[in-house]
Each structure stands twice: as C-alpha cells, then as structure tokens.
Amino acid sequence: MTAILEARGLTRRFGGVVALDGLDLSVTANEIVGLIGPNGSGKTTFFNVVTGIYAADAGSVSFDGADVTRASARSIYQAGISRTFQRSRLSLSLSIFDNVMIGNHKNLTQGLWFNLFRRDAFKREFEAGYQSARALIEVFEPALGTRMFEPVGALPMIDRRRIEICRALISGPKLLLLDEPSAGMTHDETSELMDDILLVRERNQNLTIVIVEHEMGVIERITDRCVVLNFGRKIAEGPYRAVAADGQVQEAYLGVA
C-alpha cells in the first residue's frame, strides 16, 4: 500500500515543551485514519506542522512522494492538502458561497485585469465556481443549496461545520485533515455530520482523511485505523477495537488506571 503522507522523526518544540517527540506516522492513500490522544498530546500540532503553519525542529514530512518539510503553507495547499480547524474560521458576515470559495483560490484567476476587463471570462469562472460549490454543499445538506448567498452567521453549528468542510474540499484535495469537526455539536448533530463525511468519502474514493476527534464513537464508526499520541509520541496504532484494548491507551486516554 502506498503512503500518501509520511512523517519520520518529526519533532516540534515550544520553549521547553516538546509537542512532537520524534514522531513516526504514515497514512496510506484512500484510508480514513483517526488521530486520538489526551489534550496536549500533539494532535493539532501535527496538523500544524504538516500544513506549514509551524516549522519542524527535526525530522521530515513527505506528501505524495515529495518532501514538504520546509514548504510554505501555500505550497502545501497547492500540493493537495486541505484542513479544517477546531475553532471555527468562517467569516460569519460573508455568504455561504463566499466562505466556500475562499478555499478554492488556487483554481481562481486573480488579478485586476482579469476581474475588470475580461468580464465574460470572469462570469464563466464565477458560474462554474457557483455550480461546484452548490453541488458540494448539497452532498451535505440539499436545503443549503438554495441559500448560497445568505450569511453564514445565520446558520446553526452543524451547518457551519458543513460549510467549513466544504471549504476544505472545494479545491479537490488529495488529503483532508479534520480537526475535531464535532466540536460544539450535540450527539445527534455529530452523527449527522459523520454520515455526511462517509458519503463524501464514498463518492470520492481518491480522498484520504485524517480526523482528530475526542468522540470515540465517531472514531470507531468512520475510521479504518487509529493512531494514538501521548506527549507527542505514538503509543499505539491499529483498528479502533485493538487500540481501545491496549493498556497504554487505556491509561493515557480512556482514564483506566
């Protein structure tokens, strides 16, 4: 099986705190991997290093066969990695359409000349973007497709999360990193959102997903494999049930002494 993402000896320090401690982690193309562990175990830091927000202090990251250890966040996005954040990054005053298209800037023609003087081409690009965004949103929630120009701030939390995931998907990434997508939602809303993610995965077999999530029911339901971190180190990996039965995991994460 081909690894689409591979970290070797990945280390990131914040002063005297070692957030990632020589981490080795591999993600196979087309799988859904759950990344779990207690608060402060390095899960979000791993996402931040992979996506170029933080630089690695040591080790390497390769994506789709290329070394991206020192690549900029923009270059990593251009290569095909998109992500969501635990805390919402939506612009609440902007429309659904505007928020989704923020994630598609690599496919948009930019520049004053194009926008002002090539109006027919601009119109065609706008219409194509609208159709793509609407089709994607309707996979998650058909009713949202009729509200494309309404402000996101008027939506409930589950729909805001859907829009965030659509924004990450609109550019057609090969790898999607989801950082606690169920944060702030009820159990029923979480279940609905996981249905959405599984549907997206079913319709796009070339999409690889890594999900950070504290809801173990979510991890058990949608992942092919789990990786467990503690103090920036990998302490276990494998199918959810095997990982959940591991003594180190129970002690570190599940609260079993």
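As the structure is a computational prediction, the values presented were derived from the model and not from experiment.

1. Considerations on the packing of helix H6 (residues 157-169) against helix H7 (residues 187-203)
Interaxial distance between H6 and H7 falls to 10 Å at its minimum, and their mutual angle equals 20°. When the axes of H6 and H7 are compared, the pair comes out roughly parallel. When you trace H6 past H7, the crossing you get is right-handed. Along the contact surface, H6 presents Ile-158, Arg-161, Arg-162, Ile-165 and Leu-169, while H7 presents Glu-189, Glu-192, Leu-193, Asp-196, Ile-197 and Val-200. Of the residues assigned to the contact of H6 with H7, the class counts are six nonpolar, no polar and five charged.

2. Things to note about the side chain of Asn-99
Mapped onto the elements of the fold, Asn-99 is located in helix H3 (residues 96-102). Exposure remark for Asn-99: the relative accessible area of 0% places this residue in the buried category. Dropping the residues within four chain positions of it, Asn-99 is found in contact with Leu-90, Ser-91, Leu-94, Val-152, Ile-163 and Arg-167.

3. Some words on H6
Helical periodicity: at 3.6 residues per turn, an α-helix aligns residues three or four positions apart in one direction. Between its first and last C-alpha, H6 extends 18 Å over 13 residues, near the 18 Å set by a 1.5 Å rise per residue. Extensive coverage of H6 is indicated by the burial of twelve of its 13 residues. Residues Ile-158, Asp-159, Arg-160, Arg-161, Arg-162, Ile-163, Glu-164, Ile-165, Cys-166, Arg-167, Ala-168 and Leu-169 constitute the buried set of H6.

4. A word on a nonpolar patch on the surface
The grouping of Phe-14, Val-17, Ile-53 and Tyr-54 at the surface amounts to a nonpolar patch, some 330 Å² of accessible area in total. Assignment of secondary structure puts Phe-14 in strand E1 (residues 3-14).

5. Structural notes on H7
The first and last C-alpha atoms of H7 sit 25 Å apart over 17 residues, in line with the 24 Å expected at 1.5 Å per residue. Buried within H7 we find Glu-189, Thr-190, Leu-193, Met-194, Asp-196, Ile-197, Val-200 and Arg-201. Projected down its long axis, H7 carries its buried residues within an arc of 155°, all on one side. For H7, the exposed residues lying more than 90 degrees away from the buried face are His-187, Asp-188, Glu-202 and Arg-203.

Parameters and conventions
Residues numbered from 1 in each chain as written. Predicted model: local features only at pLDDT ≥ 70, side-chain atom pairs only at ≥ 80, totals over all residues. Heavy atoms only, no water. Axes fitted to C-alpha atoms, helices over the stretch in contact; angles between N-to-C directions. Helix = DSSP H or I, 4+ residues; strand = E, 2+ residues; numbered from the N terminus. Parallel < 35°, antiparallel > 145°, perpendicular 65-115°, else oblique. Left-handed = near helix turned anticlockwise from the far one by under 90°. Contact = heavy atoms within 4.5 Å. Nonpolar A, V, L, I, M, F, W, Y, C, P; charged D, E, K, R; others polar. Buried < 20%, exposed > 50% of the residue type's maximum accessible area, 1.4 Å probe, protein only. Expected span 1.5 Å × (residues − 1). Patch = residues over 30% accessible without salt bridge, like charges linked within 9 Å, V, L, I, M, F, W, Y side chains within 5 Å. Areas by Shrake-Rupley, 256 points an atom, 1.4 Å probe, with all protein chains shown as cover. Salt bridge = Lys/Arg side-chain N within 4 Å of Asp/Glu carboxyl O. Arc of directions from axis to C-beta.

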